[in-house]
Amino acid sequence: MTRRSDIDIHLVALLSAVALFLSSIEYMIPKPIPFMRLGIANLPLILALGMLTWREYFLLALLKIVGQGIITGSLFSYIILFSSVGTIMSAVAMLATYIMLKNRVSRIGISVMGGLFSSLGQLLISRLLFFREATYVIAPLFLFSALISSVILGIFSELFIKRSAWYASHGENRL
Amino acid sequence: MTRHDEPANNEKMFHFRITDVGIILLSLAISVASLFLFQSLDGADEVHVTTDQGQWVYDLSVDTMVDFTGPVGTTTMAIEDGKVHVHKSDCRNQLCVLAGEIEHGGEWVACLPNNVFIVIKGSPEVAGEGEVDDTSF
């Protein structure tokens, strides 16, 4: 059992605030297809690996989903199904990759893994519930854009971790 | 993998590991594979129809008119001059009829209330220079 005091509430709050802020930036950027995302709101989830315990990590993922739902106004629509499944699948994939590979993988690999599973999750929902066969038409576009944006996000995360004094003081390994 | 386990050194911008390359290649492979998932049929365009009763395949170049039955009634699909449209449907909102004609691989039209899904499988539209998308009038 985890007591409430075991959760670093300040760090989770700070990171989810960053996710909320990045969600609003993401929302401002024009996109050719409504469901397409750059995924910049996932940056806190990439950086949080190693800073948070897995409980805190999933709490952050949950807060990101709710925050993103509020920003985009999709909290009570079917779109939330896409973003929550995408976020949860990518969070699980990134955490698993981090735990299994630790120092043998950089944030670039972790980010690409997250992007891949996020789009696979969303395509799965799309296949099962909404677009059925037509999912195969949008799949390549979805996967390629996720790959490109996640590589860029991963490079940014690596540079951030390298340079940030804040990260150096908080980035203790708690996992 | 031991040669990658050197201590962190600050001169490098970031540590790009062999595993990263592997993950990126995996992701790339899945992306490329998804391209072929849909375009396996080349040349002759086929019209695939999925309904509650099963799946049918029609030749896009042969004019025909077919009725499909679903939960709300009958949906009539017409193939004419290499184009497909829903001619008539017993659904309430008539979106499938309003959707108009489809003619290229990858295009689809569906009557969701009646569970009829029509998709053309075959060579996708190659957008020519300056070609105007006729659905975005």
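What you see as residue numbers is a count from 1 along each chain, following the sequence as written. All chains are assigned letters beginning with A, and all ligands numbers beginning with 1, in the order in which they are written. Totals for whole chains, interfaces and linings use every residue, but because this is a predicted model, local features are given only for residues with pLDDT of at least 70 and side-chain atom pairs only at 80 or more, for both listing and counting.

Enquirer: An account of the sheet that holds strand E1 (residues 46-51) of chain B is needed here, citing residue identities and associated values.
Expert: All names here are of chain B. As summarised here, the arrangement of the 4 strands in space is E2-E1-E7-E6, forming an open sheet in which the pairing is antiparallel. Bordering the open sheet on either side are strand E2 (54-59) and strand E6 (108-111), each of which pairs with just one other strand. Taken over all neighbouring pairs, the strand axes of this sheet differ in orientation by 15 degrees on average, direction set aside. Alignment of E1 against E2, held across 6 bridges, turns out to be antiparallel. What sits directly across from Thr50, in E2, is Gln55. In this description, strands pair whenever DSSP reports at least two bridges between them. Comment: elements are numbered from the N terminus, with helices defined as DSSP H or I runs of at least four residues and strands as E runs of at least two. Between the N-to-C directions of two axes lies an angle of 0 to 180 degrees, each axis being a line fitted to C-alpha atoms and, for a helix, fitted only over the stretch in contact.

Enquirer: Go over helix H3 (residues 54-72) of chain A with me, naming the residues and quoting the values.
Expert: Each full turn of the α-helix corresponds to 3.6 residues, which orients residues three or four apart in the same direction. Residues and elements named next belong to chain A. In this model H3 runs 27 Å from its N-terminal to its C-terminal C-alpha over 19 residues, within 8% of the 27 Å that 1.5 Å per residue would give. Restricting attention to buried positions, one finds in H3 the residues Glu56, Tyr57, Leu60, Ala61, Lys64, Ile65, Gly67, Gln68 and Ile71. Two residues qualify as being in contact provided that their C-beta atoms, derived from the backbone, are within 7 Å of each other. Against helix H1 (9-28), helix H2 (43-48) and helix H4 (79-101) lie the buried residues of H3. For a helix, the expected span equals 1.5 Å multiplied by the number of residues minus one. Residue burial is a threshold on neighbouring C-beta atoms within 10 Å of the residue's own C-beta, all placed from the backbone, with 20 or more meaning buried, 12 or fewer meaning exposed, and counts in between meaning partly exposed.

Enquirer: I'd like a rundown of the nonpolar core, residues and numbers included.
Expert: Ile46, Ala48, Leu60, Met94 and Met113 of chain A are the most contacted members of the largest nonpolar core, which totals 44 residues. Contributions of two or more residues to this core are made by H1, H2, H3, H4, helix H5 (107-130) and helix H6 (135-163) of chain A together with helix H1 (18-38) of chain B. Among the elements that line this core, the one with the most residues is H5 of chain A, at 9 residues. When neighbours within four sequence positions are excluded, Met94 of chain A is seen to be in contact with Leu45, Ile46, Leu49, Ile110, Met113 and Gly114 of chain A. A set of buried residues qualifies as a nonpolar core if it consists of Ala, Val, Leu, Ile, Met, Phe, Trp, Tyr and Cys joined through C-beta atoms within 7 Å. In terms of nonpolar packing, the next biggest core, distinct from the first, is built from 18 residues, Val84, Val86, Ala110 and Ile118 of chain B among them.

Enquirer: Break down H1 of chain A for me, with residues and values.
Expert: Residue and element names in this part refer to chain A. For H1, which comprises 20 residues, the first-to-last C-alpha distance of 29 Å matches the rise-based estimate of 28 Å (1.5 Å per residue) to within 8%. Along H1, the positions that sit buried rather than exposed are Val12, Leu15, Ser16, Ala19, Leu22 and Ser23. Here the buried residues of H1 occupy an arc of 120 degrees about the axis, which is enough to place them on one side. Seen from the open side of H1, the exposed residues pointing more than 90 degrees away from its buried face are His10, Ile25 and Met28. Buried residues in H1 make contact with H2 and H3. To be clear, the arc concerns the directions from the helix axis to the C-beta atoms.

Enquirer: Go over the pairing of strand E3 (residues 64-70) of chain B, please, and point to the residues and values.
Expert: Residues and elements named next belong to chain B. Relative to strand E4 (residues 73-80), E3 is paired through 7 bridges, and the arrangement is antiparallel. The residue bridging Val66 from the neighbouring strand is Met77, located in E4. Where E3 folds back on E4, the antiparallel hairpin that results is connected by 2 residues.

Enquirer: I'd like to hear about the packing of H4 of chain A against H5 of chain A, residue by residue, with values.
Expert: Residue and element names in this part refer to chain A. Relative orientation of the contacting elements H4 and H5 amounts to 145 degrees, with a least axis distance of 7 Å. Two packed elements cross with a definite hand, and for H4 against H5 that hand is right-handed. Residue-level inspection shows Leu81, Phe82, Val85, Gly86, Thr87, Met89, Ser90, Ala93, Met94, Thr97 and Tyr98 of H4 in contact with H5, the latter providing Gly109, Ile110, Met113, Gly114, Gly115, Phe117, Ser118, Leu120, Gly121, Gln122 and Ile125. Put simply, Ala, Val, Leu, Ile, Met, Phe, Trp, Tyr, Cys and Pro go in the nonpolar bin, Asp, Glu, Lys and Arg in the charged bin, and everything else, Gly too, in the polar bin. In terms of residue class, the contact of H4 with H5 is built from 12 nonpolar, 10 polar and no charged. Here a crossing is called left-handed whenever its near helix is offset anticlockwise from the far helix by less than a right angle, and right-handed whenever the offset is clockwise.

Enquirer: Lay out the interface of chain A and chain B in plain terms, naming residues and giving numbers.
Expert: Between chain A and chain B, the residue contacts involve 24 residues of the former and 25 residues of the latter. Breaking the side of chain A that touches chain B down by element, the ones donating at least two residues are H5 and H6 of chain A. A per-element tally of the side of chain A that touches chain B places H6 of chain A first, with 11 residues. For the side of chain A that touches chain B, a count of residues per class yields 16 nonpolar, 3 polar and 5 charged.

Enquirer: So, the environment of Leu59 of chain A: which residues are in play, and what are the values?
Expert: Inspection of the secondary structure assignment puts Leu59 of chain A in helix H3. Spatially, the C-alpha atoms of Leu59 of chain A and Val12 of chain A are 7.7 Å apart, while their sequence positions differ by 47 residues.

Enquirer: Lay out the environment of Ser90 of chain A in plain terms, naming residues and giving numbers.
Expert: All names here are of chain A. Tracing the sequence through the fold places Ser90 in helix H4. Sequence-wise, Ser90 and Asn42 are 48 residues apart; in three dimensions their C-alpha atoms are separated by 9.1 Å. The contacts of Ser90, once residues within four sequence positions are left out, are Asn42, Gly114, Gly115, Phe117 and Ser118.

Enquirer: Tell me what's going on with the pairing of strand E5 (residues 83-89) of chain B, and back it up with residues and numbers.
Expert: For a regular strand, side-chain orientation follows a simple rule: the groups alternate between the two sheet faces. Residue and element names in this part refer to chain B. Summarising the sheet, E4 and E5 pair through 6 bridges and their orientation is antiparallel. By the bridge assignment, Thr76 is partnered in E5 with Lys88. Between E4 and E5, which follow one another and run antiparallel, lie 2 residues, and Asp81 among them has a positive phi close to 50 degrees.

Honestly, that's just the spatial picture; any functional story needs more than this.
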